[in-house]
Amino acid sequence: MAGNVNHDYHILDPDPWPLIGSFSALAFTTGLIFYLRPETFGAAGSIVMWAGLAGLIATFFFWFKNIVIEAQRGDHTPVVQLHMRYGMILFIASEVMFFVGWFWSFFDFALFPDPLIYDAAAGTTTNEFLGDNTITTGSFIPEGMEVLAPFSLPLLNTLILLCSGTTVTWAHHALIHGDREGLKQGLWATVALGVLFSSIQAYEYSVAPFVFGGNTYSSAFYMATGFHGFHVLVGTIFLAVCLFRAYKGHFTPRQHFGFEAAAWYWHFVDVVWLFLFAAVYVWGGWGAEYH
């Protein structure tokens, strides 16, 4: 046991990064609000926002580096690993509720739509009542607006993520059985599939026939899929760090929580996408014109 202590718990060394991370998060969110109101705060918002983001990135790097050092030093005893698992489960549960909020808004907009007027030239809508000209189609997709075909790029991305769930499981089983080459190959494949998914998502946004904020459908679509895309990016970085650590000789069949947490997170991202594909792309665009 590390440090010749007489208990299974790891007493943390004094570390400034939790405090730095807290103030950085405050600066980033406050700066973002200022940034969105340039007529009031001018250039100050941009400065505060980017300073906060820089602090967050530094916190992620140095704080996680310290955690890796603790793991390699043997401080992550079975009891500590158990509590870290509880923490990761609670974190994923909070992420589930985050996406529940976006699904809730999407279904609320879809099931209780307002009468809409669609301006095809501007790509926007209004909910003004204009007598006989008011469109009340029973759908929150305005008449004449095209949506992305679900069984083209979205279906391809679904297959890519499902395959990536298989490859990360392959890497996990290889690690458990002491096959370090299989671990590396599985992680390489998963990271590559994650990058491919993000690339296709970016291309999909570039050719989408509607813009963010044009109406409730486009706003809900971009917020839900955009935040999922951000989580894919974070998960890809998470797995890339695990790949780097695998080459450094980290992880053993008995102690590999860092990789296990990354795999849990990646499977969560997979499951959320399945719900997004079914609800937003297939059900949400049902009956509309496909682009």
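Residues numbered from 1 in each chain as written. Predicted model: local features only at pLDDT ≥ 70, side-chain atom pairs only at ≥ 80, totals over all residues. Heavy atoms only, no water.

Draft legend 1. Representation of the packing of aromatic side chains in the model. Summed over the entire model, instances satisfying the criterion amount to 29 aromatic pairs. Here Trp17 and Phe62 contribute two aromatic rings whose centre-to-centre distance is 5.0 Å and whose plane-to-plane angle is 10 degrees, an arrangement assigned as stacked. Of the two residues, Trp17 is situated in helix H1 (residues 17–35) and Phe62 in helix H3 (residues 44–73); the sequence distance between them amounts to 45 residues. Judged by its relative accessible area of 18%, Trp17 is buried. Using a relative accessible area of 34% as the deciding quantity, one classes Phe62 as partly exposed. Ring geometry for Tyr217 and Phe221: centres 6.1 Å apart, planes at 20 degrees, overall stacked. A residue pair is termed a helical-turn pair when its members lie 3 or 4 positions apart in one helix, as Tyr217 and Phe221 do in helix H7 (residues 216–247) at four residues. Like Phe221, Tyr217 is buried. (Phe/Tyr/Trp six-rings, centres within 6.5 Å; stacked < 30°, edge-to-face > 60°. Helix = DSSP H or I, 4+ residues; strand = E, 2+ residues; numbered from the N terminus. Buried < 20%, exposed > 50% of the residue type's maximum accessible area, 1.4 Å probe, protein only.)

Draft legend 2. Just the nonpolar core, in detail. Grouped together as the largest cluster of nonpolar side chains are 52 residues, with contacts concentrated most on Leu187, Tyr217, Phe221 and Phe259. Contributions of two or more residues to this core are made by helix H4 (78–111), helix H5 (153–176), helix H6 (180–207), H7 and helix H8 (257–283). Of all the elements, H8 adds the most residues to this core, at 17 residues. The residues contacting Leu187, other than those within four sequence positions of it, are Ala171, Leu239, Cys242, Leu243, Ala246 and Phe259. (Core = buried A, V, L, I, M, F, W, Y, C linked by side-chain atoms within 4.5 Å. Contact = heavy atoms within 4.5 Å.)

Draft legend 3. Expanded view of a nonpolar patch on the surface. A grouping of Phe230, Leu233, Val234, Ile237 and Val241 is seen on the molecular surface, where their side chains present a nonpolar patch of about 430 Å² in accessible area. In this structure, Phe230 sits in helix H7. (Patch = residues over 30% accessible without salt bridge, like charges linked within 9 Å, V, L, I, M, F, W, Y side chains within 5 Å. Areas by Shrake-Rupley, 256 points an atom, 1.4 Å probe, with all protein chains shown as cover. Salt bridge = Lys/Arg side-chain N within 4 Å of Asp/Glu carboxyl O.)

Draft legend 4. Structural context of H4. Its 34 residues give H4 an end-to-end C-alpha distance of 48 Å, which sits within 8% of 50 Å, the value for a rise of 1.5 Å per residue. Buried within H4 are the following residues: Val80, Gln81, Met88, Ile92, Glu95, Phe99, Phe103, Ser105, Phe106 and Ala110. Check the buried side of H4 and you find it contacts H7 and H8. (Expected span 1.5 Å × (residues − 1).)

Draft legend 5. The layout of surface pockets, seen in detail. One number sums up the size of the largest pocket: a volume of about 2100 Å³. Among the elements of the structure, H1, H3, H4, H7 and H8 are those that each provide at least two residues to the lining of the largest pocket. Counting residues per element, the lining of the largest pocket draws most heavily on H3, which supplies 13 residues. Residue classes in the lining of the largest pocket are distributed as 30 nonpolar, 16 polar and four charged. Approximately 340 Å³ is the volume attributed to the second largest pocket. (1 Å grid on protein atoms, 1.4 Å probe; cavity = no way out; pocket = protein on both sides within 12 Å on 5 of 7 lines; lining within 4 Å. Points joined across faces, edges and corners; volume = space filled by probe spheres on them. Nonpolar A, V, L, I, M, F, W, Y, C, P; charged D, E, K, R; others polar.)

Coordinates in, geometry out; function isn't part of it.
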